[in-house]
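Breakdown of the fold
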Amino acid sequence: MDNLFKTDGIRGLSQIELTPLLFHKLGIYLALNSNLPIGLGYDTRESSILYKNIISTTINSLGKDVYDFGIVTTPCLNYLSKELHCEYGVMITASHNPYQYNGIKIFDNNGKKIDIFLQEEISNFIKTFKSVKFYPKSIGKTFDKHKDVNNYINFIISKFNFIKILNKEIILDASNGSGSLIFKNIIEKLGFNNFISKNDCPNGQNINKDCGSTYLENDKNKEKRLILALDGDGDRFIGSYNSYKIDGEILCYLLINLYNDKFKNGIVSTPLTNRKIVQAITKEGIPYYESKVGDSNVFDLMIKKHCKFGFEASGHLLFSSYSDGILSSLIFLSLLEKDENKIKKLLKDLKLNHFKQLNYSLKNTDEFIFNITHSDIYKSLISYIKPGGRILFRKSGTEDLCRIILESRSKKAIKKVQKEIEKYIEDKRCVE
């Protein structure tokens with residue numbers, strides 16, 4: 001039976017692919033398989049509170065308790081669920097997707113995303129379960145745990161001590177998402193006094209809309225200012241510093257240059273990492289390992305290879321089982337605090353390969369990938385983009401899209417390959 005969980009949890013269009021019935025059945029499963037309270041958090045899209053209430057009341061109806069943390073970032077939900085000894089932490093979010101989508105991320109009592117076996121068990125339950133045979137006389141309770149968010153805030157603050165850059169002008173972009181209150185609260189409590197917080201007024205429909213980390217990542221007109229941007233659920237960070245994009249791979253590059261000795265066990269990333277960053281890692285004598293796309297896959301390989309650090313170019317930095325966008329942004333600020341002149345030089349000297357991601361909605365992504373990679377045109381495409389270049393086809397784990405990665409030393413080569421791929425798609429009538 002198909003697993004409902006993809007690269008980053010369950011995700012789909014609200015009320016179409018993700019229905020109230022799905023959340024009701026998930027609530028039943030959680031209640032029947034828990035002895036401790038369930039931690040619940042959610043983002044700012046209009047459907048999130050509806051789905052949170054369905055899960056919460058379902059769990060209560062079966063005699064189990066819920067800790068309601070309110071609108072929180074995914075890392076905050078994870079931290080609090082573990083700290084307060086919840087059986088599971090459940091985050092209702094579709095991360096960087098538009099408000100029309102929603103999703104579910106589930107963490108175990110160790111703060112790790114649930115494994116493939118539990119994913120399949122829950123998927124099977126949701127697809128086959130018919131009805132509850134009996135309800136207990138005792139009804140569970142939902143406890144308001146909004147104030148416990150301060151524990152997470154204090155935990156993050158305790159990790160940093162800024163002095164030299166407290167007057168630096170900073171723009172915070174909370175993506176009208178889960179970090180809208182938490183992000184500026186943390187920055188203010190750390191003593192920064194010259195920051196502007198924007199995109200922090202969610203209305204249910206403006207999450208990720210022309211704002212946040214995904215928007216900044218694709219913005220070709222970055223201002224020469226310091227911008228720190230989160231995605232919708234606050235687990236990834238993209239920044240801009242003097243017009244340089246600061247993402248997961250750039251942060252890794254900066255970290256290994258300032259703290260080389262801390263990464264001797266190795267670093268884990270994914271095939272989406274620019275090959276120039278991979279070369280920079282191995283040049284420093286640091287072992288480099290590659291996992292499948294997805295922060296949970298990165299973490300699994302970190303454990304297997306005994307690495308203390310992993311990342312995804314999209315903005316995930318992993319020092320533990322999950323990524324935290326606010327923590328990552330503060331790590332970047334701490335690098336500026338340590339040696340801003342060196343950071344400027346490192347960014348100026350870094351020459352990445354040209355890199356482009358293409359996204360297509362196709363009739364059959366798997367068939368398209370097989371056919372094009374076994375065609376004569378594929379050999380021609382490879383010859384265009386080499387030396388030092390590559391083409392990567394993959395099926396998105398969060399959206400119904402075919403993602404194509406083009407990387408080359410030559411921008412002209414990327415344009416040519418893109419044109420040939422689009423001609424192939426048109427000639428073969430692959431588009432829906």
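In case you missed it, the structure is sitting above this.
What counts, and where the lines are drawn
Residues numbered from 1 in each chain as written. Predicted model: local features only at pLDDT ≥ 70, side-chain atom pairs only at ≥ 80, totals over all residues. Heavy atoms only, no water. Helix = DSSP H or I, 4+ residues; strand = E, 2+ residues; numbered from the N terminus. Rg over C-alpha atoms; globule rule 2.2 N^0.38 Å. Buried < 20%, exposed > 50% of the residue type's maximum accessible area, 1.4 Å probe, protein only. Contact = heavy atoms within 4.5 Å. Areas by Shrake-Rupley, 256 points an atom, 1.4 Å probe, with all protein chains shown as cover. Salt bridge = Lys/Arg side-chain N within 4 Å of Asp/Glu carboxyl O. Pairing = 2+ DSSP bridges. Axes fitted to C-alpha atoms, helices over the stretch in contact; angles between N-to-C directions. Phe/Tyr/Trp six-rings, centres within 6.5 Å; stacked < 30°, edge-to-face > 60°.

A tally of regular secondary structure across the protein gives 14 helices and 18 strands. Rg of the C-alpha trace for the protein: 22 Å, near the compact-globule value of 22 Å for 432 residues, within the 12% margin. Each principal axis of the C-alpha distribution contributes one length, and for the protein these read about 70 × 60 × 40 Å. Residue burial in the protein is summarised as follows: out of 432 residues, 56% are buried. Summarising the internal contacts of the protein: among those between residues at least 6 apart in sequence, 72% fall at separations of at least 24. For the protein, the accessible area works out to roughly 19,900 Å², and carbon and sulfur atoms hold 50% of it.

Inspection of every chain in the model, using the stated rule, returns 19 salt bridges. With a shortest N-O distance of 3.1 Å, Lys-105 and Asp-8 are connected by a salt bridge. With a gap of 97 residues between them, Lys-105 in strand 5 (residues 101-107) and Asp-8 in the segment before strand 1 (10-13) connect regions that are remote in the sequence. We classify Lys-105 as buried; its relative accessible area is 2%. The structure contains a network of salt bridges with shared partners spanning Asp-8, Arg-11, Lys-105, Lys-113, Asp-233, Asp-235 and Asp-295.

Here the focus is the sheet that holds strand 12 (residues 267-269). Paired through their backbone hydrogen bonds, the strands of a sheet run either parallel or antiparallel. Strand order across the open sheet formed by four strands is 13-12-14-15, with mixed pairing between neighbours. Strands with a single pairing partner mark the edges of an open sheet, and in this sheet they are strand 13 (288-290) and strand 15 (316-318). Mean inter-strand twist for the sheet, computed between neighbouring axes without regard to direction, equals 20°. Relative to strand 14 (residues 309-312), strand 12 runs parallel, the two being bridged by two bridges. Bridge pairing in strand 14 links Ile-267 to Phe-309. Most of the contacts of helix 9 (residues 275-283) go to strand 13, to which it runs at about 140°, and overall it touches strand 12, strand 13 and strand 14.

Turning to the packing of aromatic side chains, a few remarks are in order. A complete count under the given rule lists 15 aromatic pairs for this structure. Measuring from ring centre to ring centre gives 4.6 Å for Tyr-79 and Phe-155, while their planes differ by 20°; the resulting arrangement is stacked. One end of the pair, Tyr-79, is in helix 3 (residues 74-83); the other, Phe-155, is in helix 5 (residues 149-157), with 76 residues separating them in the sequence. Judged by relative accessible area, Tyr-79 falls into the buried class, the value being 19%. An angle of 50° between the planes, with centres 6.2 Å apart, marks the rings of Tyr-378 and Phe-393 as tilted. With Tyr-378 in helix 13 (residues 376-385) and Phe-393 in strand 17 (residues 390-395), the pair connects residues that are 15 residues apart, well separated along the chain. Using a relative accessible area of 11% as the deciding quantity, one classes Phe-393 as buried.

Within the open sheet, the five strands sit side by side as 8-7-9-10-11. Their pairing is mixed. Of all the strands in the sheet, just strand 8 (195-198) and strand 11 (244-246) have a single pairing partner and so form its edges. Across the sheet, the axes of successive neighbouring strands diverge by a mean angle of 15°, strand direction being ignored. In this sheet, strand 8 lies alongside strand 7 (residues 170-173) in parallel orientation, the contact comprising four bridges. From the neighbouring strand, Asp-173 faces strand 8, where its bridge partner is Lys-198. Packed on one face of the sheet, helix 11 (residues 325-349) meets strand 7, strand 9 (226-230), strand 10 (237-241) and strand 11 and runs near 30° to strand 10.

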